[in-house]
Amino acid sequence: AQSVTQPDIHITVSEGASLELRCNYSYGATPYLFWYVQSPGQGLQLLLKYFSGDTLVQGIKGFEAEFKRSQSSFNLRKPSVHWSDAAEYFCAVGAPNYGQNFVFGPGTRLSVLP
Amino acid sequence: GAGVSQSPRYKVAKRGQDVALRCDPISGHVSLFWYQQALGQGPEFLTYFQNEAQLDKSGLPSDRFFAERPEGSVSTLKIQRTQQEDSAVYLCASSSSGAYNEQFFGPGTRLTVL
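Parameters at a glance
Residues numbered from 1 in each chain as written. Chains lettered and ligands numbered in written order. Predicted model: local features only at pLDDT ≥ 70, side-chain atom pairs only at ≥ 80, totals over all residues. Heavy atoms only, no water. Pairing = 2+ DSSP bridges. Helix = DSSP H or I, 4+ residues; strand = E, 2+ residues; numbered from the N terminus. Axes fitted to C-alpha atoms, helices over the stretch in contact; angles between N-to-C directions. Contact = heavy atoms within 4.5 Å. Buried area = accessible area lost by both parts, 1.4 Å probe. Salt bridge = Lys/Arg side-chain N within 4 Å of Asp/Glu carboxyl O. Polar contact = N/O pair within 3.5 Å; in protein donor to acceptor, adjacent residues only side chain to side chain. Buried < 20%, exposed > 50% of the residue type's maximum accessible area, 1.4 Å probe, protein only. Disulfide = S-S within 2.5 Å.

### Notes on the sheet that holds strand β7 (residues 65-68) of chain B
All names here are of chain B. Strands sit in the order β1-β3-β8-β7 across an open sheet of 4 strands; the sheet is antiparallel. The sheet is open, and its two edges are formed by β1 (5-7) and β7, each paired on a single side. The average angle at which neighbouring strand axes cross in this sheet is 15 degrees, direction not considered. For β1 and strand β3 (residues 19-24), the ladder comprises 3 bridges, and the chain directions are antiparallel. Of the residues in β3, the one forming a bridge with Gln6 is Cys23.

See below:
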């Protein structure tokens, strides 16, 4: 069965520090991978996606993620966190031959200390 | 419009009542998705429309849940005989075509069933 795990429920970092949010997946096909961010009172917003090609993908707001097939991981990184990055982050996986229904992870809540 | 809108933003229903949740997608977007997000969880896929056709309803949890998009634009998610376990945030998303193009999410409707 398809599944996505985000091992960290809540992470706290200081402003300016680096960030890595973990995502692991179990999927029966070559996955398409996504990271979304959900700020309080806002809808989910796509940060970046990976379909194929270069395994290091760049997204909006200075985020990047690296696909590692051998580890079934797609971790999200940012070199220097800003206070406005405090939000909930969701990893999601899908595959067109499995249809249009993505599987989302449970999310990681990021808090940023001043 | 500027983005995906949903109404109402908040809905309180007594157990056994019927509710209707509305989604206005971005103008011209042919694909529309409904998700259910329980507290502290990631979104879970409910159903998918391509124009007015409901192509996937595999995520609807029971036959009390019904969605429609009769003219290929506005969509309504209806829940009959609401139960406490239906309490969640219901998210709508639209895209230009399919889930693998960027999905734009609405702010959600928070349903509380007493």
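### Some thoughts on the interface of chain A and chain B
Listed by partner, the interface residues are 21 residues for chain A and 22 residues for chain B. The junction of chain A with chain B conceals about 1600 Å² of combined surface from both sides, 57% of it contributed by carbon and sulfur atoms. Seen at the junction of chain A and chain B, the total is 0 salt bridges. For the interface between chain A and chain B, the tally reads 3 residue pairs in polar contact (both at pLDDT 80 or more). The set of elements that each furnish at least two residues to the side of chain A that touches chain B consists of β5 (32-38), β6 (45-50) and β10 (87-94) of chain A. Considering every element that reaches the side of chain A that touches chain B, the biggest residue donor is β5 of chain A, with 4 residues.

### Observations regarding the environment of Gly59 of chain B
All names here are of chain B. Looking at the element boundaries, Gly59 is found in the loop between β6 (53-56) and β7. Judged by its relative accessible area of 22%, Gly59 is partly exposed. For the pair Gly59 and Leu46, spaced 13 residues apart in the sequence, the C-alpha separation amounts to 3.9 Å. The residues touching Gly59, leaving out its near neighbours within four places in the chain, are Phe45 and Leu46.

### Notes on the state of the cysteines
In protein structure, a disulfide is the covalent linkage between the sulfur atoms of two cysteines. All names here are of chain B. Per the counting criterion, the structure on display carries 2 disulfides over all chains. Residue pairing for Cys23: its cysteine sulfur links by disulfide to Cys92, the two sulfurs lying 1.8 Å apart. Its S-S torsion of approximately -65 degrees makes the covalent link between Cys23 and Cys92 left-handed. With Cys23 in strand β3 and Cys92 in strand β9 (residues 88-95), the pair connects residues that are 69 residues apart, well separated along the chain. For Cys92, a relative accessible area of 0% translates into the label buried.

### A closer look at the side chain of Ser73 of chain A
Along the chain, Ser73 of chain A falls in strand β9 (residues 73-78). Excluding residues that lie within four positions of it along the chain, Ser73 of chain A makes contacts with Cys23, Asn24, Tyr25, Glu66, Phe67 and Lys68 of chain A.

The quantities given are spatial measurements derived from coordinates; they are silent on function.
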